[in-house]
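Chain residues, written in single-letter form:
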Amino acid sequence: MGHCLSILPSVKALPTLKALFVELENEKHKQTDEEAVSSQENYFPDMAAATLLRAMGFCAARDASYLNFDKDQEILKEVDIIQGSMKSLQKEAREFYDARKKIIDRHLAQQLHPNALMYDPEFQNTEQELRAVIGELNALKAERDQAILHLSAGNFLTRAAYNERDYSAYVRQHAAVGLSQLLNHSFLEEAARKEIAETLRALRKTAEESRAEEGRGVPETEAASMEEHAKPRLPDEDGDPRFSTYELRLMPGTKTGELNYLLHDALLQVAEDEQPLPPMDHLLETVKEICRCLPEAIRFLEKYPLKLMPFALRSRLAYYRETGYGLQLWTRYIPPRDVPGNVQFRYLEVLDYSQPNSMGMVYQLLFHPLLSVPVLYHEYQHYLGRKNEAEVWLREHYFLRRRIIERAPGHAQELAAYFNFVTSLFLSNRDFLTLSMLKTDFRDPGSLDCLNRVITLHYGPQMGQTAARQYAGKVIDRENFMLNLTNFTLNWDPQKRFPLLGQTGAEEEGKLAQKIISGRRMQKNTLLEDELAALIEEPEMRETEEAWQALLSRMEEIKSVFGAFPGLCQLLSEENREGDLLVYKS
């Protein structure tokens, strides 16, 4: 895909690309609620839209005639006028819809035959008026679309990048990639370059920074609406946390080489500037390992796209592990921000982190197979239907041991250096827990208690249905307390407030949060003695344990490498904990 985009014929392709994108967008809006499917199961329209947006940036960047956005000013004014007219008609259409529904409800209450509606003059008049308004709306929309098609690629991409209502994060990320192509490889004049640079800086600001500014446990985002303004802008002090993660989406039949290219491209998008990336051939080793160890790797990543993120965001995941959800705050507004009363409304989004790959993976793990493949193997176990976290952790750990054994050198004098290297890999990721599990013999009766305690620390104890619902209610009450606090401290259009979970404006979000949290708490995540015994006696697990112990017994130097780190029991001691977090102090 990248090679094809790089050789597209300059701006000559832009009209076609923009027309295809608008056509795809219109086709999406024709779907009814019954026809619509979740983005998790059907994201091919997103992939097509994202590719078109990305291609626009490549095309415009490679043409010397593409210098500025001056001609867009009249187009933007025209679009603003059309948008204003559409807004009035949309209000009128809603009134007719409401009147139509009242008439239908009245007929149902009177138990009249459905055909009676056809002879009701009031219904007929309302229906005709509604159709007339919808016809006007469609005509205005077509007029607006034609105007939008004449926008420069820079403004076209900016509209898509900020339109969080209509486009997924994946689509908007690729719009940002197109903008980055314009910034880095184009003939733009300085004013246009500065405009794009400011846009990208706002889009890619991390959730960690946003959360620090707000002083909250979850990030708040101020996001612009494409429908209400043709050329929105985000102020520098606000950011979009969705741009701090990058989704890797695959088409069916993706080959190893393509996956290698796409992974490398994803790393380019999410990595910090100062972080050196592994070369393509080095990354290929990780890709081959993924495809070798996960029989349905491509299908798995098709259904559950991999989400890469910087290490800085990892600290926010502990709370999500326990509750299984995240809360995202959104504000729709018409820029510029300093104009009073320009907030349209504020709303909430509940993010489900209980699905495979939904938590995201620190992109640095892809630098070595021993770091990344076991993590993907863990998520792959959930994909196969295994839900018990203790079982999945144990299978992941024995999987890691097998990978270490496979890579171990044959010469005894090289083993200590090899284990020092393995140890340094996990130390670089601050993963003391993995090192402690490598030191633990799970055939020891006391190891089960340690494993269950670690799992309980991460996921919380199992609860019955009533207790789980009460716990979910307490979590939601805590969120609503924080939302009230946020609403109290709003200094930008404070009359427009965030709704509270489960209350007016966020009823469905409250139900979803309740379902995710209570379901998470009712899930059995620990093991009983007979369950552990059955697991470690599975042929592959037993062979791995025997080979592991044989490897450790080959040299005393190996034991000294692990001697510096505690086993699970020591790691769980109070001196290595801060509240419910493991913070081993070397």
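These numbers come from a predicted model, not from an experiment.

Asks: Break down a negative patch on the surface for me, with residues and values.
Replies: On the surface, Glu92, Glu95, Asp98, Glu129 and Glu136 cluster together to form a negatively charged patch. Those elements that place two or more of their residues in the negative patch are α4 (72–109) and α5 (121–148). If you tally residues by element for the negative patch, the top one is α4, at 3 residues. Mapped onto the secondary structure, Glu95 falls in helix α4.

Asks: Any details on unusual backbone geometry? Residues and values, ideally.
Replies: Phi at Asn357 takes a positive value of approximately 65°, unusual for a residue other than glycine. On the secondary structure map, Asn357 appears in the loop between β5 (343–352) and β6 (361–362). With relative accessibility at 5%, the residue Asn357 sits in the buried group.

Asks: Can you lay out the sheet that holds β6 for me, pointing to particular residues and giving the numbers?
Replies: What the 3 strands build is an open sheet, ordered β2-β3-β6; its pairing is mixed. Each having just a single partner strand, β2 (246–248) and β6 make up the two edges of the open sheet. As paired elements, β2 and strand β3 (residues 306–309) share 3 bridges and run antiparallel to each other. Across the sheet, Leu248 pairs through a bridge with Leu306, a residue of β3.

Asks: Residues and numbers for the nonpolar core, please.
Replies: Ranked by internal contacts, the top residues of the largest apolar core, which has 51 residues, are Leu248, Leu259, Leu263, Leu306, Leu308, Ile404 and Phe419. Of the residues forming this core, the biggest block, 7 residues, is contributed by helix α14 (residues 369–383). If you look at the next biggest cluster of nonpolar residues, it comprises 38 residues, including Leu53, Ala147, Leu151 and Leu200.

Asks: I'd love a proper account of the pattern of salt bridges, names of residues and values included.
Replies: Scanning all chains against the criterion turns up 23 salt bridges. As a salt-bridge pair, Arg395 and Glu538 come within 2.8 Å of each other at their nearest N and O atoms. Here Arg395, found in helix α15 (residues 389–407), pairs with Glu538, found in the loop between α21 (529–536) and α22 (539–552); they are 143 residues apart in sequence, far enough to count as distant. Exposure remark for Arg395: the relative accessible area of 9% places this residue in the buried category. Here Asp441 ties to Arg443 by a salt bridge, and the two come within 3.1 Å at their closest N and O atoms. Using a relative accessible area of 47% as the deciding quantity, one classes Arg443 as partly exposed.

Asks: Give a description of the pairing of β3 that names residues and reports values.
Replies: Here β3 runs beside β6; their pairing, made up of 2 bridges, is parallel. Opposite Met309, over in β6, you have Val362 as the bridge partner.

Asks: Could you give an account of the confidence of the model for the chain, naming the residues involved and the relevant values?
Replies: Within the chain, residue pLDDT values average 77, and 77% of them lie at 70 or more. Low confidence marks residues 1–6, where pLDDT is under 50. Its contacts with residues over four positions away, or in another chain, come to 9 contacts. Low pLDDT, under 50, characterises residues 206–242; the stretch is placed with 136 contacts to residues that sit more than four places away or in other chains.

Asks: Pulling in residues and values, what's your account of the packing of aromatic side chains?
Replies: Applying the stated criterion across every chain yields a total of 13 aromatic pairs. Between Phe21 and Phe156, the ring centres sit 5.6 Å apart and the planes meet at 75°, which makes this aromatic pair edge-to-face. Here the residue Phe21 occupies a position in helix α2 (residues 14–30), and Phe156 occupies one in helix α6 (residues 153–162), the gap between them amounting to 135 residues. Each member of the pair, Phe21 as well as Phe156, carries the same accessibility label: buried. Both rings, one in Tyr398 and one in Phe442, keep their centres 6.3 Å apart while their planes meet at 50°; by these two values the pair is tilted. Of the two residues, Tyr398 sits in helix α15 while Phe442 sits in the loop between α17 (432–439) and α18 (446–459), which places them 44 residues apart along the sequence. For the pair formed by Tyr398 and Phe442, the shared burial category is buried.

Asks: So what's going on with α14? Which residues, and what values?
Replies: Over its 15 residues, α14 runs 20 Å from end to end, which matches the ideal 21 Å to within 8%, given 1.5 Å per residue. When you tally the buried positions in α14, you get 14 out of 15 residues, the bulk of the element. The positive-phi residue at the C-terminal boundary of α14 is Gly385, with phi of around 110°.

Asks: Please provide a residue-by-residue account of the side chain of Asn525, values included.
Replies: Looking at where Asn525 falls in the secondary structure, it is placed in the loop between α20 (507–522) and α21. Not counting chain neighbours up to four residues away, the residues in contact with Asn525 comprise Lys387, Asn388, Glu389, Ala390, Ile455, Tyr459 and Arg520.

Asks: Provide a residue-level description of the environment of Leu551, including the pertinent values.
Replies: The topology assignment puts Leu551 in helix α22. Residue classification places Leu551 among the buried positions, given a relative accessible area of 5%.

What counts, and at which threshold
- Numbers given to residues run from 1 along each chain, matching the order in which its sequence is written.
- Totals for whole chains, interfaces and linings use every residue, but because this is a predicted model, local features are given only for residues with pLDDT of at least 70 and side-chain atom pairs only at 80 or more, for both listing and counting.
- Processing note: side-chain calculations cover all non-hydrogen atoms of the structure and skip hydrogens and water entirely.
- Here the term patch refers to residues with relative accessible area over 30% and no salt bridge, with like charges joined within 9 Å and nonpolar side chains (Val, Leu, Ile, Met, Phe, Trp, Tyr) within 5 Å.
- To measure how exposed things are, a 1.4 Å probe is used in the Shrake-Rupley method; for residues, cover is taken only from the protein chains shown.
- We count a salt bridge whenever a side-chain nitrogen from Lys or Arg sits within 4 Å of a carboxyl oxygen from Asp or Glu.
- Positive residues here are Lys and Arg, negative ones are Asp and Glu, while His and the chain termini are left out of the count.
- Positions of charges follow a simple convention, taking NZ of Lys, CZ of Arg, CG of Asp or CD of Glu.
- In this text, helices come from DSSP runs of H or I with a minimum length of four residues, and strands from runs of E with a minimum of two, each type numbered from the N-terminal end.
- Any residue under 20% of the maximum accessible area for its type is buried, any over 50% is exposed, and the rest in between are partly exposed; the area is computed with a 1.4 Å probe on protein chains only.
- We treat two strands as partners when DSSP finds at least two bridges between them.
- In these notes, a set of buried Ala, Val, Leu, Ile, Met, Phe, Trp, Tyr and Cys residues joined through side-chain atoms within 4.5 Å is what counts as a nonpolar core.
- What pLDDT conveys is the predictor's confidence in a given residue, as a value from 0 to 100.
- A contact between two residues is defined here by any heavy atoms of the two lying within 4.5 Å.
- The criterion for an aromatic pair is that two Phe, Tyr or Trp rings (for Trp, the six-membered ring) have centres within 6.5 Å, with stacked assigned to planes under 30 degrees apart, edge-to-face to planes over 60 apart and tilted to the rest.
- Expected span, for any helix, means 1.5 Å times one less than how many residues it has.

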